[in-house]
Amino acid sequence: MGSTTQILPLRCGTIRAPANALEVDGVGDLTLPVYAYLITHPSGRTMLFDAGLAPSHHDQTVSKVFRNELPEGHDVAARVLAAGFDPARVEGIVASHSHYDHIGGIALVPNARIFIHQKEDLRELDTGHDLVRTDDSLDLFGDGSAEVFATPGHTCGHQSVRVWREGGADILAGDACYFCRSLDREDTDQPYPFDKAQYLETKRRLVQMRADGNFIVPGHDESFLDNIPRGSAIRVSPLSRL
Ligand SMILES: [Zn+2]
């Protein structure tokens, strides 16, 4: 446990899909990593941002085109345990949004409260956990070290987390941008955002945050692991990779 709030990226499976389901002009197929992020506070408190795939998704195809793989031992609870933390003591999961690849592992984290934006659709979220409906901003640990903030567009209640550190913040963007390269395109690169105008407005905010010295972690692109800036709160380990 460090003296500051830290982020441990945990790789929780893979989705294979036609590129044009994920990126305008996409060609061929893409294999996407799926992540959960363990956020560890110096007090010993732990939270997750997203929960990855459910074991039941392994070898299954969702919505006809999304082919999922979740190898044994790669689910969120196994990853948290392998990182040296107790999944039963994770006190909260911030759900970026309610798509299956972000909330699938919630059932494996039994005692967590689920922080989900008040505008987000709850139909997929029938896990029996306590829900906290978030507004546009939430101080996650109550000490200003990490903030949940609204990033609508991909879904109407999409939200992200930023963990402050010297010189800026590390921003877990979720599916507000799928890829590192998404922020270098000015168009609506996602073929099917819930709201195109909101998606673009959120993307412009992320581009500005990046220009201001913050580090943006996209939802489904492992190349961020090779570009972690000095002083970042992110701790990369073998659990961050397949
Ligand atoms: Zn996703």
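Our subject is the structure that appears above.
Residues numbered from 1 in each chain as written. Predicted model: local features only at pLDDT ≥ 70, side-chain atom pairs only at ≥ 80, totals over all residues. Heavy atoms only, no water.

**Student:** For this particular structure, what's the right way to read the coordination of the zinc ion?
**Tutor:** Geometry sets the ideal angles at a metal, namely 109.5 degrees for four tetrahedral donors and 90 or 180 degrees for six octahedral donors. Protein coordination at the zinc ion: the donors are Asp101 (OD), His102 (NE2), Asp175 (OD) and His220 (NE2), at 2.1 to 2.3 Å from the metal. Here the zinc ion is ringed by 4 donor atoms whose angles at the metal span 85 to 165°, and the overall shape comes out irregular. (Donors = N, O, S within 2.8 Å, 3.2 Å for Na, K, Ca; no water. Tetrahedral: all angles 85-135°; square planar, octahedral: opposite > 155°, others 65-115°.)

**Student:** Before we go on, may I ask you to explain the environment of Asp139 in this structure?
**Tutor:** Topologically, Asp139 is positioned in strand E9 (residues 137-139). Since its relative accessible area comes to 38%, Asp139 is described here as partly exposed. The spacing of Asp139 and Tyr35 is 104 residues in sequence and 22 Å in space, taken between C-alpha atoms. Discounting residues that sit within four places of it in the chain, Asp139 has contacts with Gly144, Ser145 and Ala146. (Helix = DSSP H or I, 4+ residues; strand = E, 2+ residues; numbered from the N terminus. Buried < 20%, exposed > 50% of the residue type's maximum accessible area, 1.4 Å probe, protein only. Contact = heavy atoms within 4.5 Å.)

**Student:** Would you mind showing me how to read the packing of aromatic side chains here?
**Tutor:** Taken as a whole and judged by the stated rule, the model has 4 aromatic pairs. Geometrically, the ring pair formed by Tyr35 and Phe224 is edge-to-face, given 5.7 Å between the ring centres and 75° between the ring planes. With a gap of 189 residues between them, Tyr35 in strand E2 (residues 29-40) and Phe224 in the segment after strand E13 (215-218) connect regions that are remote in the sequence. Here Tyr35 falls in the buried class, since its relative accessible area comes to 2%. (Phe/Tyr/Trp six-rings, centres within 6.5 Å; stacked < 30°, edge-to-face > 60°.)

**Student:** What is the right way to look at the sheet that holds strand E11 (residues 159-165) in this model?
**Tutor:** Sheet strands pair via backbone hydrogen bonds, and the direction of the pair is either parallel or antiparallel. Strands sit in the order E9-E10-E11-E12-E13 across an open sheet of 5 strands; the sheet is mixed. Each of the sheet's edge strands pairs with one partner strand only, and the pair in question is E9 and E13. Between one strand and the next, the sheet's axes are offset by a mean angle of 20°, whatever the strand orientation. Pairing analysis gives 4 bridges linking strand E12 (residues 168-174) to E13, with the strands arranged parallel. The residue bridging Leu172 from the neighbouring strand is Val217, located in E13. (Pairing = 2+ DSSP bridges. Axes fitted to C-alpha atoms, helices over the stretch in contact; angles between N-to-C directions.)

**Student:** Is there a simple way to think about unusual backbone geometry in this case?
**Tutor:** Leaving glycine out, the prevailing phi sign among residues is negative, and the prevailing peptide bond configuration is trans. In this structure, Asp50 is a non-glycine residue whose phi angle is positive, near 70°. Residue placement: Asp50 occurs in the loop between strand E3 (46-49) and strand E4 (61-62). Asp50 sits in the buried class, given a relative accessible area of 2%. Positive phi, close to 65°, is recorded for Asp59, a residue that is not glycine. Relative to the helices and strands, Asp59 is located in the loop between E3 and E4.

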